[in-house]
Amino acid sequence: MVRAIVGANWGDEGKGKITDMLAEESDIIIRFQGGSNAGHTIINNYGKFALHLLPSGVFYGHTTSIIGNGVALNIPYLLEEIKALEEKGVPTPKILVSDRAQILMPYHMLLDACEEARLAGKSFGSTKSGIAPFYSDKYAKIGFQVSELFGCPDALKEKVENVCTLKNVMLTNLYHQPALKPEEIYGMLMEYKEMVAPYVCDVSSYLHQALQEGKNILLEGQLGSLKDPDHGIYPMVTSSSTLAAYGAIGAGIPPYEIKNITTVVKAYSSAVGAGAFVSEIFGGEAQELRDRGGDGGEYGATTGRPRRVGWFDAVASRYGCRVQGATEVALTVLDVLGYLDEIPVCVGYEFDGKIMKDFPVTSMLEYCKPVYKKLPGWKCDIRGIRNYEELPENCKSYIDEIERELGVPVTMVSNGPGRSEIIKRGPLI
Ligand code: GDP
């Protein structure tokens, strides 16, 4: 059985926590897209971790953690992350890296940083992890696949020469940076080869076998629907697909094997980077939600920068669930809202004098104004509750409202950042 855990919003929905929790019953956990540009925060018996590249299932001895072919693989970063786990007493995880994964190169990070600086006030708000230049190169067919490290040295040297010629045009002329030296790049790739060799695997074939043996497999998505390059708020998106469907491609499994799409929805909104955000709030109201949010405030796990925050957006979240193909919803960080007398929920967008219920394309989104419905707050701390029936009535009404708006059963309610802080629930719809 393959289950995908993906985000319906802008990312930071708490997928890491849900993956860590569900990994207990899983055999294999796979990252299938993105790179080290977004972090998953996990709090468990070993402590608090911000994982960027490793799947959030690495904490269990019985699981195999896989970096799929769709990932932007920063090899030194991967090794550092493995080391950091070991230093905190986590048993050495079993890790496999797809031989078809492509390598994120230091010049991808440099180009990312240079371009953000060039764009200045109009930048994308990239984490400068090299993601956009990496995926551009992959599709321009000038990326380096892990398998190439183990292939013909002369062919690799020739490719390095060619790539340096191309990259140096931009680096020296546009960004006024020193030129790349092919022999240095080749030498670095040989170091990467040594580093990654113990983990390299024909992942697609491994998963084919695992599926035949009836293993439980989790696909862990990074970011969320609204950051998808096709279905999100283009161009303020990431550069690889954040959708469950892409899990089949980014891991190398048949699409029909994905039976369950657990879509993580946040009980309020948060976003990083630029782009239209209809239910965004500002000032003191925003600062209070930001400081109370997550497990220590809504500040980026990778960059520490403050996240933009807003009220729950039913229009965006329903769309986010739809494009994921959500079969169930895990509603997270509900505990954070316990301080409010009334909780606004964005139930429509006003555009050109009309109320819209469907999430529009980016060019319209910028002109949409939120239409709010206010629900009564529950004014207490719901952390520690494990039984759905024990939640305050107003809290249950808030969940019911969200479920009706999404049109997808809310089967899990997360009321704290820890692994066991979850309320399982029979769906109402
Ligand atoms: P991911 O990228 O989707 O894995 O999300 P993050 O790791 O950025 O998670 C968002 C933050 O919310 C993290 O700091 C989590 O520890 C925290 N978190 C997750 N679920 C809950 C929850 O139910 N309640 C609270 N208070 N924090 C949560």
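As shown above, the structure is provided for reference.
Definitions and cut-offs
Residues numbered from 1 in each chain as written. Predicted model: local features only at pLDDT ≥ 70, side-chain atom pairs only at ≥ 80, totals over all residues. Heavy atoms only, no water. Helix = DSSP H or I, 4+ residues; strand = E, 2+ residues; numbered from the N terminus. Rg over C-alpha atoms; globule rule 2.2 N^0.38 Å. Contact = heavy atoms within 4.5 Å. Areas by Shrake-Rupley, 256 points an atom, 1.4 Å probe, with all protein chains shown as cover. Near = heavy atom within 4 Å. Polar contact = N/O pair within 3.5 Å; in protein donor to acceptor, adjacent residues only side chain to side chain. 1 Å grid on protein atoms, 1.4 Å probe; cavity = no way out; pocket = protein on both sides within 12 Å on 5 of 7 lines; lining within 4 Å. Sits in = over half its atoms within 2 Å of the grid points. Nonpolar A, V, L, I, M, F, W, Y, C, P; charged D, E, K, R; others polar. Points joined across faces, edges and corners; volume = space filled by probe spheres on them. Salt bridge = Lys/Arg side-chain N within 4 Å of Asp/Glu carboxyl O. Buried < 20%, exposed > 50% of the residue type's maximum accessible area, 1.4 Å probe, protein only. Phe/Tyr/Trp six-rings, centres within 6.5 Å; stacked < 30°, edge-to-face > 60°. Lys NZ or Arg CZ within 6 Å of the ring centre and 35° of its normal. Patch = residues over 30% accessible without salt bridge, like charges linked within 9 Å, V, L, I, M, F, W, Y side chains within 5 Å. Lys, Arg positive; Asp, Glu negative; His and termini not counted. Charge placed at Lys NZ, Arg CZ, Asp CG, Glu CD. Axes fitted to C-alpha atoms, helices over the stretch in contact; angles between N-to-C directions. Left-handed = near helix turned anticlockwise from the far one by under 90°. Pairing = 2+ DSSP bridges.

(A) Highlighting the overall build of the protein. Counting its secondary structure elements, the protein contains 13 helices and 20 strands. Against the compact-globule benchmark of 22 Å for 429 residues, the protein has a radius of gyration of 22 Å, which places it among compact chains. Across its three principal axes, the protein shows a C-alpha extent of roughly 70 × 50 × 40 Å. Long-range pairs, those at least 24 residues apart, make up 75% of the contacts in the protein between residues at least 6 apart in sequence. A total accessible area of about 17200 Å² is found for the protein, and carbon and sulfur atoms account for 53% of it.

(B) Expanded view of the site of the ligand. Neighbouring the ligand are 19 residues; Gly16, His40, Thr41, Asp295 and Ser414 lie closest to it. At a separation of 3.1 Å, an oxygen atom of the ligand approaches a polar side-chain atom of Asp12. In this structure, a nitrogen atom belonging to the ligand sits 2.9 Å away from a main-chain N or O atom of Gly294. Using a 2 Å cut-off from the grid points, one finds that the ligand occupies the second largest pocket. Those elements giving two or more residues to the shell around the ligand turn out to be α1 (15–22) and β3 (40–44). For the shell around the ligand, the leading source of residues is α1, giving three residues. Broken down by class, the residue content of the shell around the ligand amounts to three nonpolar, nine polar and seven charged.

(C) Representation of the layout of surface pockets. When its volume is computed, the largest pocket comes out at roughly 870 Å³. Considering the residues around the largest pocket, the lining is formed by 43 residues, among which Asp112, Ser126, Ala132, Val237 and Ser239 are closest to the centre. Those elements that place two or more of their residues in the lining of the largest pocket are α3 (106–119), α4 (131–139) and α6 (153–174). Grouping the constituent residues of the lining of the largest pocket by class yields 19 nonpolar, 14 polar and ten charged.

(D) Molecular detail of the pattern of salt bridges. Counted by the stated rule, this structure contains 22 salt bridges. With its nearest N and O atoms 3.2 Å apart, the salt bridge here joins Arg404 to Glu401. Separated by three residues within a single helix, Arg404 and Glu401 lie in helix α13 (residues 393–406), roughly one turn from each other. One network of salt bridges, with partners in common, ties together Asp12, Lys266, Glu298 and Arg307.

(E) Summary view of α4. Those residues of α4 that fall on the buried side of the exposure criterion are Ile131, Pro133, Phe134, Tyr135, Asp137 and Lys138. Of the surrounding elements, those touching the buried residues of α4 are β6 (72–73), β8 (102–103), α3, α6 and α9 (244–251). Backbone geometry just downstream of α4 places Lys141 in the positive-phi region, at approximately 65°.

(F) Quick peek at the packing of aromatic side chains. For the structure shown, the criterion picks out eight aromatic pairs. Centroid distance Trp10 to Phe277: 4.9 Å. Interplanar angle 40°. Geometry classified as tilted. In this pair, Trp10 is assigned in the loop between β1 (2–7) and α1 and Phe277 in the loop between β12 (269–271) and α10 (283–292), connecting sequence segments 267 residues apart. The class for Trp10 is buried, based on a relative accessible area of 3%. Joined through ring pairs, the aromatic side chains of Tyr46, Phe49 and Phe59 make up one cluster. Of note, Lys157 hangs over the ring of Tyr186, and the distance from its end group to the ring centre comes to 5.0 Å.

(G) Broad picture of the side chain of Lys167. Among the structural elements, Lys167 can be located in helix α6. Beyond its immediate sequence surroundings of up to four residues, Lys167 is in contact with Tyr107, Leu111, Asp137, Ile142 and Leu180.

(H) Expanded view of a negative patch on the surface. On the surface, a cluster of negative charge is made up of Asp154, Glu158, Glu161, Glu183 and Glu184. Taken together, the elements giving at least two residues each to the negative patch come down to α6 and α7 (182–196). Broken down by element, the residue count for the negative patch peaks at three residues, all from α6. Within the secondary structure, Glu161 sits in helix α6.

(I) Main features of the side chain of Arg290. For Arg290, the position within the fold is in helix α10. The side chain of Arg290 is buried and forms no salt bridge, while Glu280, the nearest opposite charge, is found at 5.9 Å. A polar atom in the side chain of Arg290 sits 2.7 Å from the side chain of Gln287. Setting aside residues no more than four positions away along its own chain, Arg290 makes contact with Gly297, Glu298, Tyr299, Pro306, Arg307, Arg308 and Val309.

(J) Seen up close, the packing of helix α2 (residues 75–87) against α7. Relative orientation of the contacting elements α2 and α7 amounts to 35°, with a least axis distance of 10 Å. By crossing handedness, the relation of α2 to α7 is classed as left-handed. Here Ile75, Pro76 and Leu79 of α2 come into contact with α7, specifically with Tyr192, Met195 and Val196. Residues that form the contact of α2 with α7 fall into these classes: six nonpolar, no polar and no charged.

(K) A look at the sheet that holds strand β7 (residues 94–98). Pairing is mixed across the open sheet formed by ten strands, whose spatial order is β9-β7-β5-β2-β10-β1-β11-β15-β19-β20. On the outer flanks of this sheet lie β9 (200–201) and β20 (422–424), each paired with one strand and no other. Examined bridge by bridge, β1 and strand β10 (residues 217–224) share five bridges and lie parallel to one another. Looking across to β10, one finds that Ala4 is bridged to Leu219.

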